[in-house]
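Spelled out, the chains give:
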Amino acid sequence: MRASSLALFALALATAPVSLAHAQDIPEEDLTAAVEFAMHDATFTLYHEIGHMLVGELGIPVLGKEEDAADALATIMLLTDDEDMDSYNALVDASDGWYFNAVKSTGSGVEDFSYYDEHSLDIQRAYAMVCLMVGKDPEAFSQTAEAYELDQDRVDSCAYTYDQAYTSWTYLLEPHAVANEPGAEITVTYEDAGDLDAFAEMLKEREVLERAAKLVMSRYVLPGPVTFRAALCGESNAYYSPSDSEITYCYELAADMFQLYLVDILGHSFEEE
Ligand SMILES: [Zn+2]
């Protein structure tokens, strides 16, 4: 990455609600890793919303919580994306994102999470994702299995969990698979990103939205046009709007994950403004 674009990220941090104490002193490699982390999280988040979108647009029945379904579908799509060599890394970073978000919001380690605590949802999401990853490819994700302390029995049962999830989704999506004619188009749009322009440029450079749009169009016949939109939302979020057939990814989320990585994972200090 060019040093000039790194300076832009440092600048974006200066305008963040919680500014890093000495953004200019953060080593370049840490900034680069934080950008990578934020973009990997953006990829997973987008696929999660694509899960909601497919359920909505294709009228797929969902048994259980739709959030869990969207996570499972996102994970399966990334695990089976042979075009993108980086998709495995995106999964590892996204699960770590959930994990550290949970640690951040409770201020405690994983052993202290309660099943009834709303924050434990993040940690459950991380474990559910990791189980599918390890279930699909135990060798590639052996370090992740170790980090999450999954023993061999658990790894074995995750193989079954993955097979079951994969078979179920394949069955449900089969009627909508591209056979000859493609379906409706997905259009990608970028709105003005203001102070967070460095993140918008990075999304464009890595073609996060474009690549996901291409993958979905190559696999499924959409009944009507869909838009993938990157925008400033006033909050750190991403969502699918069924009435507009639109997925919105908020630039604030990229900035948030960038900061989470620097502060909560790498341990750089910060101060309240
Ligand atoms: Zn969701």
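Preceding block: the structure.
For clarity, every value in this text was computed on a predicted model and none was experimentally measured.

A. Structural view of the nonpolar core. Membership of the largest hydrophobic core comes to 77 residues, with the highest contact counts inside it found for Ile50, Met53, Leu54, Trp169 and Phe228. Among the elements that make up this core, the one with the highest residue count is helix H2 (residues 28-58) (15 residues). Contacts of Trp169, omitting those with residues within four sequence positions, involve Val55, Ile60, Ala69, Ala72, Leu73 and Ile76.

B. Representation of the sheet that holds strand S4 (residues 238-241). Strand order in the open sheet formed by four strands is S2-S3-S5-S4, and the pairing between neighbours is mixed. The open sheet has two free edges, formed respectively by strand S2 (186-190) and S4, since each of these has just one partner strand. In this sheet, neighbouring strand axes are inclined to one another by 15° on average, regardless of whether the strands run parallel or antiparallel. Alignment of S2 against strand S3 (residues 226-231), held across five bridges, turns out to be parallel. From the neighbouring strand, Thr187 faces S3, where its bridge partner is Thr227.

C. Region of the structure containing the state of the cysteines. If you walk through the whole model with that rule in mind, you get two disulfides. Disulfide partner of Cys131: Cys158, at an S-S distance of 2.1 Å. Taking the torsion about the S-S bond as the criterion, the Cys131 to Cys158 disulfide, at about -115°, is left-handed. Of this pair, Cys131 sits in helix H5 (residues 120-136) while Cys158 sits in helix H7 (residues 152-173), and the two are 27 residues apart along the sequence. Relative accessible area serves as the criterion here: at 6%, Cys131 is assigned to the buried category. Assessed through its relative accessible area of 0%, Cys158 is described here as buried. Here Cys233 connects covalently by a disulfide to Cys250, the sulfurs 2.0 Å from one another.

D. Broad picture of the pattern of salt bridges. Across all of its chains, the model carries six salt bridges by this definition. Between Glu201 and Lys204 there is a salt bridge, and its shortest N-O distance comes to 3.5 Å. With a gap of three residues between them, Glu201 and Lys204 both fall in helix H8 (residues 197-206), about one helical turn apart. Judged by relative accessible area, Glu201 falls into the partly exposed class, the value being 38%. Between Glu246 and Arg229 there is a salt bridge, with the nearest N and O atoms lying 3.3 Å from each other. Of the two residues, Glu246 is situated in strand S5 (residues 246-250) and Arg229 in strand S3; the sequence distance between them amounts to 17 residues. Neither Glu246 nor Arg229 differs from the other in exposure class; each is buried. What you see here is one network of salt bridges that share partners, running through Glu36, Asp86 and Arg206.

Rules and cut-offs
- The numbering scheme is per chain: residues are counted from 1 as the chain's sequence reads.
- Given that this is a predicted model, residues contribute local features only at a pLDDT of at least 70 and side-chain atom pairs are listed and counted only at 80 or more, while totals for whole chains, interfaces and linings are drawn from all residues.
- In computing side-chain properties, one takes all heavy atoms of the structure into account and sets aside hydrogens as well as water.
- To define a nonpolar core, start from buried Ala, Val, Leu, Ile, Met, Phe, Trp, Tyr and Cys residues and group those joined through side-chain atoms within 4.5 Å.
- The rule is simple: take the accessible area with a 1.4 Å probe, protein chains only, and divide by the maximum for that residue type; under 20% is buried, over 50% is exposed, in between is partly exposed.
- Put simply, DSSP H or I for four residues or longer makes a helix, DSSP E for two residues or longer makes a strand, and each gets a number counted from the N terminus.
- When checking whether two residues touch, look at their non-hydrogen atoms; a contact exists if any pair is within 4.5 Å.
- Any two strands are treated as partners once DSSP identifies two or more bridges connecting them.
- Only the contacting stretch of a helix is used when fitting its axis, a line to C-alpha atoms as for every element, and angles between N-to-C directions run 0 to 180 degrees.
- Note on disulfides: each one is a pair of cysteine sulfur atoms within 2.5 Å.
- Put simply, a salt bridge is a Lys or Arg side-chain nitrogen that is within 4 Å of an Asp or Glu carboxyl oxygen.

The values are spatial; any link to function lies outside them.
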